[in-house]
Each structure stands twice: as structure tokens, then as C-alpha cells.
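# Summary of structural features
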Amino acid sequence: MAADLKFAKSHEWLRPEAGGLVTVGISSYAVEALTDLVFMQLPAVGKKVKAGESIGEIESVKAVSDIYAPVSGEVVEVNTALPSHLETLGKDPYGDGWIVRIRPDNPHEADQLLNQAAYDALVAGQSH
Amino acid sequence: MANSVPVWWDEQAAGATNMGADEALVAEAVARGMLLVRLYGWQPAAVSLGAFQRFDDARQCSGIASLPVVRRPSGGGAIIHGSDLTYAAAVPKHHPWGSSPQRLYDAFHGAMVEALAGWKIVASLHPAAGPATPAAASAQEPFLCFDRRAVGDVVMPDRRLGREQAPPAKVMGSAQRRLEGAVLQHGSLLLTANAAASGSAQHPGIQELAGDGVEIPAIKDLVSRWLELVATSLGASVALQTGSFAGAARSEVDRLAERFGQVRWTARR
């Protein structure tokens, strides 16, 4: 897993990209917890989002969960292939399973997110 | 008492009011940091859509087209309410009972199987099927909840005359909404066939499936035993509340119900 990933407590990951963009997805822990994914709704390109605000929804056989923006900004790209290939989220959650790319309002906002070690500790705590 | 589960048994209400009350229940669960349960019925009979279902599908579904429709925040298939007992269970997401979706399902569904057995009514949990791809799973899902089967659904053999070879029928299903701070689990127990639905949209309930000569318990006795077993499986006890949750939180429920009563919400998909 890339060392430059940051995580929200709500299990989204964020990776800084060239040009000041960030790529956002959901962690492998979240994908496993959801199980049997059946449907996903993504935001429109151009949508302005605030950190902590829902940017999409994902449904498994028994539960619907929101996907939250880890930072504020504008959605500039959406992985439109994903809803038709939800298995990608399980196979490659940090690669082809990316969900959106956001242009953050504040390039330093992601600094407040969890690093890998802190996120692993959070997940370990929730698993017990 | 730390492991007490407060339960309210509310009066029947319209769909939007019920959804508003459940949203208020979620806020209350977060504020109290504990599992809360609300039981209720529906008046008038209505269809509740799962969060992702299409409103047009409800209008085109034979046998329910004239019923009022409300959209749940929880997932799953459409339910025709009126002859069922609905429950809402709300628990903070980071509570031990909220961290695993399966835990609450197992508690509520397993307890119902056990409770029914106390009246010699045979029920079981639907077993796990083989792995399916997400696309296949989505494409094959019937519109109505009681036509769907998910692992852990409560099913009963069909003891009606001439139906002995029919596959087990579903009498209880649940679905969740995992919110940022809490989990809301909705479930429906089909007590009798819903007279508000017709044709293939009408499903048999416990009353019909149990067959002749089987004593059907009074609903309050069944629910009392069920809740007791739910609590036991969670290592807790039931604290049945006097009065109704929706009644006590009337102004907040009315405020929240407004959104659920709007076409913009119900027909958003």
C-alpha cells in the first residue's frame, strides 16, 4: 500500500496527485465490512463538497452506507466504470477501485487525516 | 443499567411519520450512546421503498400501484406494510453492537426463530448461497423484499394445503442504513397476508404459513418473548418504555417527517 495514503475515520482514503488533485476511495476494511456490494451512486463532476459531507452511497445486500468527502473541494473526475464493476472495490481498493478525484479548497486540509499507522489502530479498535 | 435496551411500542402511523420517528430514534441513540428499539405499525397501509429503489418500479408493480409510497433510508427491497410489525433499531456506530452489520441481524432474526419455536411454529434462517458477482446479485434482485432471500432472513415452510412442495416463505427481513454516527436497522415481520396488496404482491404471513391446528400466539406475547431473546443474545435486558417514542418527540418527528413526505425525496430515484 502506498505510504502517501491518508485516511478519514469514516474509512475513506485519500492520495495526493500531481497538479494538486487528490484521489479518494474507500479502504479495504470498509469494503470487507460492507460485503456483497450491489449498487453504488457517485456524485456529478463539478459538485462542490465539504469535508464530512456525503458524496455518494453504496449498497450491499443488507446495508446502505454513505461515502464521505475527506476534504472540501470540487469533484473533478469520477470513476464511472466502478458502479458496473463493483468487484473492483474488493480486488483493488487503492488502485482501480478509486471513486473520485477532488480539487481541494485547502491543500493542507488532508494533513489532518490519519496516516496509515493511526488508521490501522482505529480499525483494530473497531474490530474488537 | 449499561446493558439495558429501551424499547417503545408506538401506535400505528403514516409512512412519513414512521420514517421521521426512526430518524429521531437515531439521534436519540447517539445522544444516549446505546441501542434503542421502536416497534410500530402502519396506517394507512403503504409501500416503503429501499434507499436505492426506483419510484417508478413501485408505480408499475402489479398489486400495489394504488398504495401510498415512502422511501426508507435503509437498503433492501420494497415492503408492503399494513399487516406486518416493523421495528427500527438504532445504535451508535462505534458501539460494540453497531460495528458489525451481521451482529444485529443475527440477534433480531435468530431470536425470532427461537421465539416462534416456543409456540411450535417452525422457522429457520435462510442459508448462505454460493458467491455471486455484484452485477449479477443486483440484476437478479426482485423488487419486493419478501420475494428476495438474503442469508439470515427468517423463513417458514409453507404448510398451506397443496403448498407442501413450495420453497420456504420469508416472514422476516431486515436492512440497514449505516450513517456517519449510527446504524439504523429496519425490519419487518409479516404477521398475516396483507389485504392491501393483491396477486403476486401479496405474501403469506405467519398466520397462513403455520397451517391448520397451529396456535398462533398473541402478537404481544410473541414480541415480548422475541425481545427477551434479542436482549439475551446481546447480553442485555429489555426495558419496555411507557408511552410512545414518536408521541414524546412529536415536534421533532413532525419536522423530520416533512422530508419523507415530499415527492422530491420519495421519487428521487
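Residues numbered from 1 in each chain as written. Chains lettered and ligands numbered in written order. Predicted model: local features only at pLDDT ≥ 70, side-chain atom pairs only at ≥ 80, totals over all residues.

## Digging into the overall build of chain B
As a reminder of what qualifies: Segments assigned H or I by DSSP are reported as helices when at least four residues long, segments assigned E as strands when at least two residues long, and all are numbered from the N terminus. We compute the radius of gyration from the C-alpha atoms alone; for a globule the expected value is 2.2 Å times N to the 0.38, where N is the number of residues. Around each residue's C-beta, the other C-beta atoms within 10 Å are counted; 20 or more make the residue buried, 12 or fewer make it exposed, and counts in between make it partly exposed. All C-beta atoms are placed from the backbone.
Of the regular secondary structure elements, chain B holds nine helices and eleven strands. Taken over C-alpha atoms, the radius of gyration comes to 18 Å for chain B, in line with the 18 Å a tight globule of 269 residues would show. Along the first, second and third principal axes, the C-alpha atoms of chain B reach 50 × 40 × 35 Å. For chain B, the residues scored as buried account for 51% of the 269 residues in total.

## Describing the environment of Ala193(B)
Residues and elements named next belong to chain B. Just so we agree on the cut-off: A residue pair is marked as a contact if its C-beta atoms, positioned from the backbone, fall within 7 Å.
Tracing the backbone through its elements, the reader meets alanine 193 in the loop between strand E10 (182-190) and helix H5 (206-209). Owing to 16 C-beta atoms within 10 Å, alanine 193 belongs among the partly exposed residues under this scheme. For alanine 193 and proline 204, which are eleven residues apart along the polypeptide, the C-alpha to C-alpha distance reads 4.5 Å. Setting aside its immediate chain neighbours within four residues, alanine 193 contacts Ser83, Gln202, His203, Pro204, Gly205 and Glu208.

## Comments concerning the sheet that holds strand E5 (residues 79-81) of chain B
All names here are of chain B. Formally: Strand pairing is assigned whenever DSSP identifies at least 2 bridges connecting the two strands. Fitted lines through C-alpha atoms serve as axes, helices being fitted only where they are in contact, and the angles separating the N-to-C directions of these axes extend from 0 to 180 degrees.
Strand order in the open sheet made by the three strands is E4-E3-E5, with mixed pairing throughout. Bordering the open sheet on either side are strand E4 (69-71) and E5, each of which pairs with just one other strand. Going from strand to strand, the sheet's axes swing by 30 degrees on average, the running direction of each strand aside. Bridge count for strand E3 (residues 46-49) against E4 is three bridges, and the pairing is parallel. Note that in E4 the partner of valine 47 across the bridge is valine 69.

## Digging into the interface of chain A and chain B
The cut-off we apply is this: Residue polarity is assigned by list, with Asp, Glu, Lys and Arg as charged and Ala, Val, Leu, Ile, Met, Phe, Trp, Tyr, Cys and Pro as nonpolar; anything else, Gly included, falls into the polar class.
Facing the 18 residues of chain A at the interface are 22 residues of chain B. Counting residues per element, the ones that place at least two in the side of chain A that touches chain B are strand E4 (37-41), strand E6 (54-60) and strand E7 (63-68) of chain A. The leading source of residues in the side of chain A that touches chain B is E7(A), at five residues. Across the side of chain A that touches chain B, the residue classes break down as eight nonpolar, four polar and six charged. Summarising the sheet, E7(A) and strand E9 (residues 169-178) of chain B pair through three bridges and their orientation is parallel. Bridge pairing in E9(B) places Ala63(A) opposite Gln176(B).

## Some words on the environment of Ala13(B)
Residues and elements named next belong to chain B. Here alanine 13 shows up in the loop between strand E1 (4-9) and helix H1 (15-32). When the 21 C-beta atoms within 10 Å are taken as the criterion, alanine 13 is described as buried. In the structure, alanine 13 is positioned 213 residues away from tryptophan 226 in sequence and 23 Å away in space, judged by C-alpha atoms. When near neighbours in sequence (up to four residues on either side) are disregarded, alanine 13 contacts Asn18, Tyr40, Gln43 and Ala246.

## Topic: the packing of H1(B) against helix H8 (residues 250-260) of chain B
Residue and element names in this part refer to chain B. Inclusion rule: Roughly parallel covers angles under 35 degrees, roughly antiparallel covers those over 145, roughly perpendicular covers 65 to 115, and oblique covers all other angles. Crossings are classed by handedness, with left-handed meaning an anticlockwise turn of the near helix from the far one by less than a right angle and right-handed meaning a clockwise turn.
In contact at an axis separation of 7 Å, H1 and H8 are set at 120 degrees when each is read in the N-to-C sense. As the angle between them shows, H1 and H8 are arranged oblique. As H1 packs across H8, the resulting crossing turns out to be right-handed. The segment H1 lies against H8, with Gly15, Ala16, Thr17, Met19, Gly20, Ala21, Glu23 and Ala24 engaging Glu252, Val253, Asp254, Leu256, Ala257 and Phe260. Per-class residue counts for the contact of H1 with H8 are eight nonpolar, three polar and three charged.

## Looking at H8(B)
Two residues of an α-helix separated by three or four positions point the same way, owing to the 3.6 residues in each turn. Residue and element names in this part refer to chain B. The criterion, for reference: What the arc measures is the spread of directions leading from the helix axis to the C-beta atoms.
Residues of H8 that are buried include every one of Val253, Leu256, Ala257 and Phe260, and no others. Buried residues of H8, viewed axially, fall in a sector of 110 degrees; they line one side. Opposite the buried face of H8, at more than 90 degrees from it, the exposed residues are Ser251 and Glu258. The inward-facing, buried residues of H8 abut H1, E4, helix H7 (245-248) and helix H9 (263-266).

## Brief notes about unusual backbone geometry
It is generally the case that most residues other than glycine have a negative phi and that most peptide bonds are trans. The residue after Gln43(B), namely Pro44(B), is reached through a cis peptide bond having omega 5 degrees. Within the element layout of this structure, Pro44(B) appears in the loop between strand E2 (36-40) and E3. One non-glycine residue, His11(A), lies in the positive phi region at around 80 degrees. Of the residues examined, His11(A) has 23 C-beta atoms within 10 Å and is grouped as buried. Positioned with a positive phi, Lys120(B) is a non-glycine residue whose angle comes to about 60 degrees. Note that Lys120(B) resides in the loop between helix H3 (101-117) and strand E7 (124-125).

## Structural notes on the packing of H3(B) against helix H6 (residues 219-234) of chain B
Residues and elements named next belong to chain B. Following both chains from N to C, one finds H3 and H6 inclined at 130 degrees, their axes separated by 8 Å at the closest point. Between H3 and H6, the angle is such that the two are oblique. Between H3 and H6 the crossing geometry is right-handed. Contact with H3, carried on its side by Ala107, Phe108, Gly110, Ala111, Met112, Glu114 and Ala115, involves Leu222, Arg225, Trp226, Leu229, Val230, Ser233 and Leu234 of H6 and no other residues of that element. Here the contact of H3 with H6 is built from residues that sort into ten nonpolar, two polar and two charged.

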